[in-house]
Amino acid sequence: MVEHASDAEPIDLRSDTVTSPDEDMLRAMLGAKVGDDGYGEDPTTNELEEHCADLFGLEAALFLPTGTMSNQIALRVHTRPGDEVITEETYHLNTYESAPTADLAGVSLNAVRTEDGVLRPEHITAAVDGKTRDPRYSQPVLVGLENTVNYRAGLVVGADDLAAVSGFARSRGMRVHLDGARLFNAVVATGTAPERYGAVCDTVSICFAKGLGAPFGSVLAGPADLIGEARYYRKSYGGALHQCGHLAAAALHALRHNVDQLADDHANAALLGGLLADARVAGVVVEDVPTNIVIIDVRATGVVASSVVASIEAEGVRALAISPHRIRFVTHRNVTKRQVEYAAEVVAGVLVDLGVPDGRT
Ligand SMILES: *Cc1c(COP(=O)(O)O)cnc(C)c1O
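The shown structure was predicted, so the numbers you read here are calculated from the model rather than taken from an experiment.

What counts, and at which threshold
- Residues numbered from 1 in each chain as written.
- Predicted model: local features only at pLDDT ≥ 70, side-chain atom pairs only at ≥ 80, totals over all residues.
- Heavy atoms only, no water.
- Near = heavy atom within 4 Å.
- Polar contact = N/O pair within 3.5 Å; in protein donor to acceptor, adjacent residues only side chain to side chain.
- Helix = DSSP H or I, 4+ residues; strand = E, 2+ residues; numbered from the N terminus.
- Nonpolar A, V, L, I, M, F, W, Y, C, P; charged D, E, K, R; others polar.
- Contact = heavy atoms within 4.5 Å.
- Salt bridge = Lys/Arg side-chain N within 4 Å of Asp/Glu carboxyl O.
- Axes fitted to C-alpha atoms, helices over the stretch in contact; angles between N-to-C directions.
- Parallel < 35°, antiparallel > 145°, perpendicular 65-115°, else oblique.
- Left-handed = near helix turned anticlockwise from the far one by under 90°.
- Buried < 20%, exposed > 50% of the residue type's maximum accessible area, 1.4 Å probe, protein only.
- Phe/Tyr/Trp six-rings, centres within 6.5 Å; stacked < 30°, edge-to-face > 60°.
- Disulfide = S-S within 2.5 Å.
- Pairing = 2+ DSSP bridges.

Looking at the site of the ligand
Step number 1: Neighbouring the ligand are the residues Thr66, Gly67, Thr68, Asn71, His92, Glu146, Asp179, Ala181, Arg182, Cys207 and Lys210.
Step number 2: Asp179 is positioned with one of its side-chain polar atoms (N or O) 2.6 Å from a nitrogen atom of the ligand.
Step number 3: Lys210 has a polar side-chain atom sitting 2.8 Å from an oxygen atom of the ligand.
Step number 4: Sorting elements by how many residues they give to the shell around the ligand places helix α3 (residues 67–78) first, with three residues.
Step number 5: Within the shell around the ligand, the residues separate by chemical class into two nonpolar, five polar and four charged.

Written as structure tokens, this is what we have:
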């Protein structure tokens, strides 16, 4: 058994949002030059926005509090009330933001089901042609993509697949927004430059508070006119900040120092997935582990995800029941290889204790 003191902090694998800033990041935040961003006078925020626009080869970028606000403002600037947005049913836009989308942008999602989580031109065609498109009815004007895909265990959508669907959508007169909350996980996993994504999408949003380890923030990048409009909505939604340079400094620090380290998270997730698969607990399906997310499906065990989560929590391991039968574990910079090994033992042990047959015996 891997050692883990019972009075230690729990090993928190619920999300990569649980990280806290390390000392280097805190020092960068403390040393940041700040001003009032309401007047465009916060030099560190301006630097972050320019840095991100350059990174994606896009004209402009805007610092926002959260990835959700980036997505919601992107929808707002790309659409008019009554328009339709095509996305995939497992993407964050649909799983977490469908009602806010109706509320804030006043648009309707056409959430398509795909086999593997990758939207392709044929899905767009089916979504467009599946409804009457007489000009009296609503028109699809935007495609919402996601990379990596959270609900597909951190699936990486290849740059070629992304370019194909995006090019097709644009040829049909639609714009493309990429929810890249974990885009840097895809960048690290594939070696694809961020610019390659920027080249095929109209807007891209990223999150600093996921695996990158900053306490806060997101950036929305895109054409200068749309980002100008986004600045208006950021203010009207109450998301405009003042001396946010301290927070922008954390984001800049994360982009400069924490991107490559995402590879460690991927290695730890692969280790966890491998250990859980090797435990061969009957009926437990370990989904593929392309990046930093491990999802196990316990439907065939007869045990519900929430009871597994409660039992492992009692042994110092936290995970998230994302449905009655799926459990998500996310690796991040605040968990070590040894903690991951311990977590795997706890999960396998708990399933057996809950009466699931141990495949090893
Ligand atoms: C986390 C996440 C978001 C939103 O992030 P918040 O900063 O928590 O609002 C959006 N999209 C995806 C795919 C995410 O994983």
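Looking at the environment of Ile312
Step number 1: Take Ile312: it is sitting in helix α13 (residues 305–313).
Step number 2: As for Ile312 and Glu345, which are separated by 33 residues in sequence, their C-alpha atoms are 10.0 Å apart.
Step number 3: In contact with Ile312, other than residues within four places in its own chain, are Val317, Ala319, Phe329, Val346, Val347 and Val350.

As for the pattern of salt bridges
Step number 1: Applying the stated criterion to the full structure yields 20 salt bridges.
Step number 2: For Asp22, the salt bridge goes to Arg333, with nearest N and O atoms at 3.0 Å. Placement of the pair is Asp22 in the loop between β1 (11–12) and α1 (23–30) and Arg333 in the loop between β13 (326–330) and α14 (337–353), with a sequence separation of 311 residues.
Step number 3: Here the residues in one salt-bridge network are Glu84, Lys131 and Arg133, joined through shared partners.

Side note on the packing of α3 against helix α10 (residues 224–236)
Step number 1: Where α3 meets α10, the closest approach of the two axes is 9 Å, and the angle between their N-to-C directions is 120 degrees. As judged from the angle between their axes, α3 and α10 are oblique. The two elements α3 and α10 meet at a crossing, and its hand is right-handed. Every residue of α10 that contacts α3 at Ile73, Arg76, Val77 and His78 is listed here: Leu226, Glu229, Ala230, Tyr233 and Arg234.

Here's the deal with the side chain of Glu84
Step number 1: Its location among the elements puts Glu84 in strand β3 (residues 84–88).
Step number 2: You can call Glu84 buried: its relative accessible area is 2%.
Step number 3: Here Asn110 takes part through its side chain, which lies 2.8 Å from a polar atom of the side chain of Glu84.
Step number 4: Discounting chain neighbours no more than four positions away, the residues touching Glu84 are Ser108, Asn110, Lys131, Arg133, Ser138, Gln139, Pro140, Val141 and Leu142.

Notes on the packing of helix α8 (residues 183–190) against helix α12 (residues 262–278)
Step number 1: For the pair α8 and α12, interaxial distance at closest approach is 9 Å and the crossing angle is 80 degrees. It follows from the interaxial angle that α8 and α12 lie roughly perpendicular. Of the residues in α12, those touching α8 at Phe184, Asn185, Val188 and Ala189 are Leu262, Ala263 and His266.
Step number 2: For the contact of α8 with α12, a count of residues per class yields five nonpolar, two polar and no charged.

As for the packing of aromatic side chains
For any pair of aromatic rings, the description rests on two quantities: the centre-to-centre distance and the angle between the ring planes.
Step number 1: For the structure shown, the criterion picks out six aromatic pairs.
Step number 2: Residues Tyr232 and Tyr233 carry aromatic rings whose centres are separated by 5.0 Å and whose planes lie at 75 degrees to one another, so their mutual orientation is edge-to-face.
Step number 3: Judged by centre distance (6.0 Å) and plane angle (45 degrees), the ring pair of Tyr233 and Tyr237 falls under tilted.
Step number 4: Among the residues examined, Tyr233 registers a relative accessible area of 16% and is labelled buried.
Step number 5: The partly exposed category is assigned to Tyr237, whose relative accessible area is 23%.
Step number 6: Through a chain of ring-to-ring contacts, the aromatic side chains of Phe63, Phe208 and Phe216 assemble into a single cluster.

Regarding the state of the cysteines
Step number 1: Throughout the structure, instances matching the rule amount to zero disulfides.
Step number 2: Cysteine Cys52 shares no disulfide, and the gap to the nearest cysteine sulfur, in Cys207, comes to 12 Å.
Step number 3: With no disulfide of its own, Cys201 lies 15 Å from the sulfur of Cys52, the closest cysteine sulfur.
Step number 4: For Cys201, a relative accessible area of 2% corresponds to the buried category.

Quick word on the sheet that holds strand β12 (residues 320–321)
Step number 1: Taking strand neighbours across the sheet as the criterion, the four strands line up as β9-β10-β13-β12 in an open arrangement whose pairing is antiparallel. Looking along the sheet, the strands with just one partner apiece sit at the ends: β9 (285–286) and β12.
Step number 2: Relative to strand β10 (residues 293–297), β9 runs antiparallel, the two sharing two bridges. By the bridge assignment for β10, Val286 is matched with Ile296.
Step number 3: α12 rests against β9, β10 and β13 of the sheet, and its axis sits at about 20 degrees to β10.

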